[in-house]
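# Notes for the structure review
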Amino acid sequence: MSFFDKVKQGASEAAKKAQQTVEITKLKAQISGKEREIDKVYATIGAAVYRAHQAHDLASAEHEVTNCCSQVDELQVEIGQLEERIKMIRFEKTCSCGKVVALDTKFCPDCGSALGDEPKNETTVGEIVVICNTCKTENELNAKFCVSCGSGLSASGSGY
């Protein structure tokens, strides 16, 4: 690989990392917004309970508190989905024991549980890759050999 190919590859990897960082930052901002919404709902719950306490009828707050709790549940689900998207961008997954591991990890290093194969993260829109005919691994467009099995990649390889 020539010097310029290495520089080009390094710049491409740096741009990809920068894009990932921007995406993760946006998702974290969305999570923070959802957490602020949860704090507002908690305040609403507290106010409803206190009003009911003042009226000496705590049962009167039950309907409002139940609705607020449902809102918090929905926000928690949305936060979980955003956190999963961050893991996918970082190529991570979580074991049932709570350990966060690389996406291609087959067994948890903490508890030894088998980890199912996760779906591959979608490639960036517009990215062109070459698929190895031997092992079906995605390779960069300018790769001459497969990064997974070492097989030669022909110039007429199937890319998308």
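First things first, this report covers the structure right here in the doc. Predicted model, so just to flag it, every value in this text is computed and none were measured. (Residues numbered from 1 in each chain as written. Predicted model: local features only at pLDDT ≥ 70, side-chain atom pairs only at ≥ 80, totals over all residues. Heavy atoms only, no water.)

### Digging into the overall build of the protein chain
- In terms of helices and strands, the protein chain carries two helices and four strands.
- In sequence order, the secondary structure elements of the protein chain are arranged as α-α-β-β-β-β.
- Here the protein chain holds 160 residues, and 23% of them are scored as buried.
- Put simply, the protein chain shows about 11300 Å² of open surface, and 56% of that area lies on carbon and sulfur atoms. (Helix = DSSP H or I, 4+ residues; strand = E, 2+ residues; numbered from the N terminus. Buried < 20%, exposed > 50% of the residue type's maximum accessible area, 1.4 Å probe, protein only. Areas by Shrake-Rupley, 256 points an atom, 1.4 Å probe, with all protein chains shown as cover.)

### Some thoughts on the packing of helix 1 (residues 3-54) against helix 2 (residues 62-89)
- Where helix 1 contacts helix 2, the axes come no closer than 9 Å and their chain directions differ by 165°. Considered as vectors, helix 1 and helix 2 are oriented roughly antiparallel to each other. In the crossing of helix 1 with helix 2, the sense of the turn from one axis to the other is left-handed.
- Across the contact of helix 1 with helix 2, the residue classes tally to 18 nonpolar, five polar and 10 charged. (Axes fitted to C-alpha atoms, helices over the stretch in contact; angles between N-to-C directions. Parallel < 35°, antiparallel > 145°, perpendicular 65-115°, else oblique. Left-handed = near helix turned anticlockwise from the far one by under 90°. Nonpolar A, V, L, I, M, F, W, Y, C, P; charged D, E, K, R; others polar.)

### Side note on the side chain of Thr137
- Tracing the backbone through its elements, the reader meets Thr137 in the loop between strand 3 (129-131) and strand 4 (138-140).
- On the basis of relative accessible area, Thr137 is assigned to the buried category, the value being 19%.
- Leaving out residues up to four positions away in the same chain, Thr137 has contacts with Val130, Ile131, Cys132, Cys146, Val147 and Ser148. (Contact = heavy atoms within 4.5 Å.)

### With respect to a nonpolar patch on the surface
- Together, Phe3, Phe4 and Val7 make up a nonpolar patch on the protein surface, roughly 380 Å² of accessible area in all.
- What makes Val7 partly exposed here is its relative accessible area of 44%. (Patch = residues over 30% accessible without salt bridge, like charges linked within 9 Å, V, L, I, M, F, W, Y side chains within 5 Å. Salt bridge = Lys/Arg side-chain N within 4 Å of Asp/Glu carboxyl O.)

### Details of helix 1
- Compared with an ideal rise of 1.5 Å per residue, which puts 52 residues at 76 Å, helix 1 spans 76 Å between its outermost C-alpha atoms and is within 8% of the ideal.
- Among all positions in helix 1, only Gln20, Ile24, Leu27, Ile31, Gly33, Lys34, Ile38, Val41, Ile45, Ala48 and Ala52 are buried.
- Where helix 1 is buried, its residues meet helix 2.
- Just downstream of helix 1, His56 is the residue with a positive phi angle, here 60°. (Expected span 1.5 Å × (residues − 1).)

### A short note on the environment of Tyr42
- Along the chain, Tyr42 turns up in helix 1.
- Using a relative accessible area of 45% as the deciding quantity, one classes Tyr42 as partly exposed.
- Tyr42 sits 30 residues away from Val72 along the chain, and the two C-alpha atoms are 8.2 Å apart.
- In contact with Tyr42, not counting residues within four places along its chain, are Val72 and Gln76.

### Notes on helix 2
- The first and last C-alpha atoms of helix 2 sit 41 Å apart over 28 residues, in line with the 40 Å expected at 1.5 Å per residue.
- Taken as a whole, helix 2 has its buried residues at Val65, Cys68, Val72, Leu75, Ile79, Leu82, Ile86, Lys87, Met88 and Ile89.
- Contacts made by the buried residues of helix 2 are with helix 1 and strand 1 (92-94).
- Among the residues trailing helix 2, Phe91 stands out with phi positive, at a value near 60°.

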